[in-house]
Amino acid sequence: MVKLTGYKKVKAAVFISGTGSNLKSLIKFSKKKKSPISIDLIISNNPKAKGLRLGKINKIKRKVYNFKKKYKTENQILSDLKEHKIKIICLAGFMKVLSRNFITKFRGKILNIHPSLLPKYKGLNTHQRVLVNNEKYSGCTVHLVNSKLDSGKIVLQKKVKISKNETMNSLAEKVLIQEHKLYPKAILKVFNL
Ligand code: GAR
């Protein structure tokens, strides 16, 4: 899907809004020889996102935008991406919905991780809805981003079994452990590796 030219890693930007545990796993992965990407930019809509600290520790450039004027913000981000020669975007717990205009400019080059087995449970509060519906399984999905929320082509999924006394927190934790493994695998798959 995405072509790797020569031996140079493709520059990626990771968009976050919170803790950044997926960012952490992506940074770790990106440093491996077998990784087709390097992480060169972190974008956040939240100045208090804990994940921004990871950027600082790993000396990755960070940019924070408040998204009050979405169109203007997205254009600024597009120019940041251009300036840093970013070719692929990984959304990792990024809680803003990108516009069709933005997505078109990076068509097929934006990945997202979602904490459910899509197409089930798109949107927010996935774990809560899964438990209310007494599902036997949940999981996580890495997909390409299109202009419909959580609806782009699925790259990879991982299923987890829901235990008897599962709570929202225990399920979130269980799914997150799988997310950290799934995102790097999905990146390798996108690059046909
Ligand atoms: C993850 O579970 C991710 O799948 C989810 O937010 C969490 C972020 O955790 N994303 C969404 O719900 C997107 N709609 P992290 O900040 O520790 O990576």
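Provided above is the structure to which this section pertains.
Now for a description of the structure that goes with this document. (Residues numbered from 1 in each chain as written. Predicted model: local features only at pLDDT ≥ 70, side-chain atom pairs only at ≥ 80, totals over all residues. Heavy atoms only, no water.)

Section: the overall build of the protein chain
Moving on, step 1. Scanning the protein chain from N- to C-terminus turns up six helices and seven strands.
Moving on, step 2. Listing every helix and strand of the protein chain by position from the N terminus yields β-α-β-α-β-α-β-α-β-α-β-β-α.
Moving on, step 3. Computed over C-alpha atoms, the radius of gyration of the protein chain comes to 16 Å, within 12% of the 16 Å expected from 2.2 N^0.38 for 193 residues, which places it in the range of a compact globule.
Moving on, step 4. Among the 193 residues that make up the protein chain, the fraction classed as buried is 48%.
Moving on, step 5. Counting only contacts in the protein chain whose residues sit at least 6 apart along the sequence, the fraction spanning at least 24 positions is 63%.
Moving on, step 6. Approximately 11,100 Å² of the protein chain is accessible, and the part contributed by carbon and sulfur atoms is 53%.
Moving on, step 7. Measuring between centres, the 44 positive side-chain charges of the protein chain sit 5 Å from its 9 negative side-chain charges. (Helix = DSSP H or I, 4+ residues; strand = E, 2+ residues; numbered from the N terminus. Rg over C-alpha atoms; globule rule 2.2 N^0.38 Å. Buried < 20%, exposed > 50% of the residue type's maximum accessible area, 1.4 Å probe, protein only. Contact = heavy atoms within 4.5 Å. Areas by Shrake-Rupley, 256 points an atom, 1.4 Å probe, with all protein chains shown as cover. Lys, Arg positive; Asp, Glu negative; His and termini not counted. Charge placed at Lys NZ, Arg CZ, Asp CG, Glu CD.)

Overview of the packing of helix H1 (residues 21–30) against helix H6 (residues 168–190)
Moving on, step 1. Packing of H1 against H6 leaves a shortest axis separation of 9 Å and a crossing angle of 45 degrees. In terms of orientation, H1 lies oblique with respect to H6. Note on packing geometry: the crossing formed by H1 with H6 is right-handed. For the pair H1 and H6, the contacting residues are Ser 21, Asn 22, Ser 25, Leu 26 and Phe 29 in the first and Leu 176, Glu 179, His 180, Tyr 183, Pro 184, Ile 187 and Leu 188 in the second.
Moving on, step 2. Across the contact of H1 with H6, the residue classes tally to seven nonpolar, four polar and one charged. (Axes fitted to C-alpha atoms, helices over the stretch in contact; angles between N-to-C directions. Parallel < 35°, antiparallel > 145°, perpendicular 65-115°, else oblique. Left-handed = near helix turned anticlockwise from the far one by under 90°. Nonpolar A, V, L, I, M, F, W, Y, C, P; charged D, E, K, R; others polar.)

What about H6?
Moving on, step 1. Compared with the 33 Å implied by 1.5 Å per residue over 23 residues, the 31 Å span of H6 between its first and last C-alpha is a close match.
Moving on, step 2. What H6 keeps buried is the set Leu 171, Val 175, Gln 178, Glu 179, Leu 182, Tyr 183, Pro 184, Ala 186, Ile 187, Leu 188 and Val 190.
Moving on, step 3. Asn 192 sits one or two residues past H6 and shows a positive phi near 60 degrees. (Expected span 1.5 Å × (residues − 1).)

A word on the environment of Lys 31
Moving on, step 1. Residue position: Lys 31 is located in the loop between H1 and strand S2 (37–44).
Moving on, step 2. In this structure the C-alpha to C-alpha distance between Lys 31 and Ala 12, which are 19 residues apart in sequence, comes to 12 Å.
Moving on, step 3. Separated by 2.6 Å, the side chains of Lys 31 and Asn 58 make a polar contact. (Polar contact = N/O pair within 3.5 Å; in protein donor to acceptor, adjacent residues only side chain to side chain.)

Re the site of the ligand
Moving on, step 1. By nearness alone, every residue bordering the ligand is listed as Thr 19, Gly 20, Ser 21, Asn 22, Gly 93, Met 95, Ile 113, His 114, Pro 115, Leu 176 and Glu 179.
Moving on, step 2. One of the backbone nitrogen or oxygen atoms of Gly 20 is found 2.8 Å away from an oxygen atom of the ligand.
Moving on, step 3. Interatomic distance of 2.9 Å between a backbone N/O atom of Asn 22 and an oxygen atom of the ligand.
Moving on, step 4. Computed on the free molecule, the ligand has an accessible area of 450 Å², of which 85% lies beneath the protein chains in the complex.
Moving on, step 5. Taken together, the elements giving at least two residues each to the shell around the ligand come down to H1, strand S5 (110–114) and H6.
Moving on, step 6. The residue inventory of the shell around the ligand, partitioned by class, reads four nonpolar, six polar and one charged. (Near = heavy atom within 4 Å.)

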